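# Inside the fold
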Amino acid sequence: MSSEENQFNVQGYNIVTMLKRLEAATSRLEDISIFQTDNRSDGQSMRSVGQGQGAAAAGQSVQKNEAKAVEGGEQEETVPKSVVEFKHFIEKSIIPFVKSSQAIDDLVGKAAETFEQAFQDQLQFLSIVAKSKKPEMSDPAFMEVLKPINEKIEQINQVKDSNRGSQFYNHLCTICEGAPVLGWVVGDTPMSLIPEFKDSSHFWSNRVMKEYKEKDQRHVTWVSQFLNIFEALKVYVKEFHTTGPSWNNGNGKPLGDVLASAKGVGAPSGGAPPPPPPPPPAGIFDTDNSQNSQSSAPAGGMNAVFADLNRGENITSGLKKVEKSEMTHKNPSLRQAAPPVSKKPTPPKKPSSLSSSSNLAEPKKKPAKMELVDGTKWIIENFTEADVPSQQPLVVEAEMQQSVFIGNCSGITVQVKGKANAISVSETTKTGVVVDSLISGIDFIKSFKFGLQVVGTVAMISVDKSDEGSIYLSQQSIDADVQIYTSCATSLNVNVLKNEDFEELAIPEQFKHSVKNGRLVSEVVEHAG
């Protein structure tokens, strides 16, 4: 070791040696950095050379991996049994019906295909139900998820209305009358709704059977398949949706979130945060510490009250002192003077009558109308005595497939000629109905002083929440064992023929109820004497 090196020894460590070691380490680090840079550039050049050869294989590999990932996700997501069974219901009941419809006629096949599409939309609806909590009926998301089903039902109705001259019009009407059964999802008791729509389509399916029973068995099979749809749907609903759609109220998400995820619309990942909430309203006890605001604030309010309370003894400084000469208890002469008469406020004038009040407007009378809707329903509404000249009856020439609705009428008579399907009378006053014959029956609801005369045959008469009615029955209806059902009805009389004259029979209004052997027994109270 030279003398120069000895000069740089510090506590046994040579500074020169340490500097040489640092230079060597720095050199090695520079070599490593250059080596890594060269390798990176070489790798990129190699990939660019072989890109054309390996791109297809790499893309196929990625697609396979993505497909496996998707398949794995689908396997992890369990499909509810209610959705699986509804899909089986479509395959077993709807699709065979569509094939039979296509074999009969193109129009019938088109209506049946739309019918199947509506059930497919309902399958999607039930899939969403299994993932969602039950929403409110007024929720826009609920109306949105039902919109495709409603559109299909309207399309079926349009096919029927635009092809009235078709020889298979009865087939189209059968599907159209049964299609609203898809609305079972909006009812709390769907089990009771399904048979009603089946009965609605029975009239038209019976026509198909009557026309083709002896001609073509394909139509008989078609009718059987269509009616079996209702039975199969009833069995399915009874098992999975007895009280309406089985919403996932335990673990489900809000319906709007499920719809958004189903459409692939998610919440934005970035963006500005929501604006801050508005400031809370100022309280009545809030005070302003600023001197300027105190000086400019108007007097009064709670601030003025607390300011006066804080004045202490000075609070009475503004009161007027009453002298002894002004005190009535010390000056009897002041008590003899008459007290000043205070002027009473004038009460507001009452209107002479409610009708003369400018604030109350008389309700406008709705226009009277009598029209046939869709060729199946007569509507007679808002008629009064002034709308009928010379008090002539309104005559309706009805057919077997047509029903009649009479509502909000007063002081008129409606005559239904021919054999109609059914008649419904609602909220009428002093209205009479003359009927030839009906397939079903006639209902009176919330009617007052009504009359009914049956010329031919009526199977059933129903009276609900109605008063002072008179029913005149023909001998044909009596021989056919006509049934009369009453509920909350008073002063109701039934007139029957006896010795070429009508005899009045009163419907009982009073009943006696008793419990016998654990059962409620009701008996009519007879008023004799």
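What counts as what
- Residues numbered from 1 in each chain as written.
- Predicted model: local features only at pLDDT ≥ 70, side-chain atom pairs only at ≥ 80, totals over all residues.
- Heavy atoms only, no water.
- Pairing = 2+ DSSP bridges.
- Helix = DSSP H or I, 4+ residues; strand = E, 2+ residues; numbered from the N terminus.
- Axes fitted to C-alpha atoms, helices over the stretch in contact; angles between N-to-C directions.
- Polar contact = N/O pair within 3.5 Å; in protein donor to acceptor, adjacent residues only side chain to side chain.
- Contact = heavy atoms within 4.5 Å.
- Buried < 20%, exposed > 50% of the residue type's maximum accessible area, 1.4 Å probe, protein only.
- Lys, Arg positive; Asp, Glu negative; His and termini not counted.
- Salt bridge = Lys/Arg side-chain N within 4 Å of Asp/Glu carboxyl O.
- Core = buried A, V, L, I, M, F, W, Y, C linked by side-chain atoms within 4.5 Å.
- Phe/Tyr/Trp six-rings, centres within 6.5 Å; stacked < 30°, edge-to-face > 60°.
- pLDDT = per-residue confidence, 0-100.

### Concerning the sheet that holds strand S16 (residues 502-506)
Reading across the sheet, the 7 strands line up as S5-S7-S9-S11-S13-S15-S16 and stay open at both edges, with mixed pairing between neighbours. Edge positions in the sheet fall to strand S5 (394-397) and S16, since each has one partner strand and no second. Across this sheet, the average inter-strand angle for adjacent strands is 15°, counted without regard to direction. Bridge count for strand S11 (residues 451-454) against strand S13 (residues 467-472) is 3 bridges, and the pairing is parallel. Paired with Gln453 across the two strands is Tyr472, which belongs to S13.

### Focus: the pairing of S11
When a strand is regular, its side chains alternate between the sheet's two faces. Here strand S9 (residues 432-438) runs beside S11; their pairing, made up of 4 bridges, is parallel. Its bridge partner lying in S11, Gly432 is registered against Gly451.

### A look at the side chain of Ser132
Mapped onto the secondary structure, Ser132 falls in the loop between helix H5 (106-129) and helix H6 (140-161). Of the polar contacts made by the side chain of Ser132, one reaches the backbone oxygen of Ile128; its length is 2.7 Å. Residues contacting Ser132, with those up to four places away along its chain left out, are Trp247, Asn248, Asn249, Gly252, Lys253, Leu255 and Val258.

### With respect to the side chain of Asp105
Note on placement: Asp105 falls in the loop between helix H4 (81-104) and H5. Within the buried core, Asp105 has no salt-bridge partner, and the shortest N-O distance to an opposite charge, that of Arg218, equals 9.1 Å. Within the structure, Asp105 has its side chain in polar contact with the backbone nitrogen of Leu107 (distance 2.9 Å).

### A word on the nonpolar core
By size, the foremost hydrophobic cluster in this structure holds 52 residues, and its most contacted members are Phe86, Phe115, Phe119, Phe125, Ile175 and Leu233. Sorting the residues of this core by element identifies H4, H5, H6, helix H7 (169-178), helix H8 (190-212), helix H9 (217-240) and helix H10 (255-263) as the ones contributing at least two each. Counting residues per element, this core draws most heavily on H5, which supplies 11 residues. Those residues within four positions of Phe125 in sequence are excluded, and the remaining contacts are Phe142, Val145, Leu146, Ile149, Val185, Pro245 and Trp247. Counting residues in hydrophobic clusters, the runner-up holds 34 residues, among them Val404, Ile412, Val416 and Ala489.

### With respect to the pairing of S16
Here strand S15 (residues 490-497) runs beside S16; their pairing, made up of 5 bridges, is antiparallel. Bridge pairing in S16 places Asn493 opposite Ala506. Linking S15 to S16, which pair antiparallel, is a turn of 4 residues; within it Asn499 sits at a positive phi near 60°.

### Notes on the pattern of salt bridges
Across all of its chains, the model carries 10 salt bridges by this definition. With a shortest N-O distance of 2.9 Å, Lys152 and Asp121 are connected by a salt bridge. Here Asp121 lies in helix H5 and Lys152 lies in helix H6, a separation of 31 residues in the sequence. Between Lys512 and Glu523 there is a salt bridge, and its shortest N-O distance comes to 3.5 Å.

### Some thoughts on the packing of aromatic side chains
Applying the stated criterion across every chain yields a total of 19 aromatic pairs. Between Phe86 and Phe89, the ring centres sit 5.5 Å apart and the planes meet at 45°, which makes this aromatic pair tilted. Highlighted residues: Phe86 and Phe89, both in helix H4, separated by 3 residues, approximately one helical turn. Residue classification places Phe86 among the buried positions, given a relative accessible area of 0%. Residue classification places Phe89 among the buried positions, given a relative accessible area of 6%. Pairing Phe125 with Trp247 gives two aromatic rings, centres 6.0 Å apart and planes at 90°, and the pair type is edge-to-face. Taken together, the positions of Phe125 in helix H5 and Trp247 in the loop between H9 and H10 put the pair 122 residues apart, joining distant regions of the chain. Residue classification places Phe125 among the buried residues on the basis of a relative accessible area of 1%. A relative accessible area of 13% means that Trp247 is categorised as buried. A connected cluster of aromatic rings, assembled from ring pairs, spans Phe86, Phe89, Phe97, Phe115, Phe119, Trp222, Phe226, Phe230, Tyr236 and Phe240.

### Thoughts on unusual backbone geometry
For Ser491, which is not glycine, the phi dihedral falls at a positive 50°. Here Ser491 lies in strand S15. Residue Ser491 is classed as partly exposed on the basis of its relative accessible area of 38%.

### Details of the sheet that holds strand S8 (residues 423-426)
With mixed pairing, 7 strands are arranged side by side in an open sheet as S3-S4-S6-S8-S10-S12-S14. Lying at the two open borders of the sheet, with one neighbouring strand each, are strand S3 (369-373) and strand S14 (483-487). Taken pair by pair, the neighbouring strands of this sheet meet at an average axis angle of 10°, ignoring direction. Pairing analysis gives 5 bridges linking strand S10 (residues 441-445) to strand S12 (residues 460-464), with the strands arranged parallel. Following the sheet pairing, Gly441 is matched in S12 by Met460.

### Here's the deal with the confidence of the model for the protein chain
Mean pLDDT over the protein chain: 78, with 71% of residues reaching 70 or higher. Contacts of residues 282-298 to residues separated by more than four positions or lying in other chains number 8 contacts, the stretch itself having pLDDT below 50. In this model, residues 350-361 is a region of pLDDT below 50 whose contacts with residues beyond four sequence positions or in other chains number 2 contacts.

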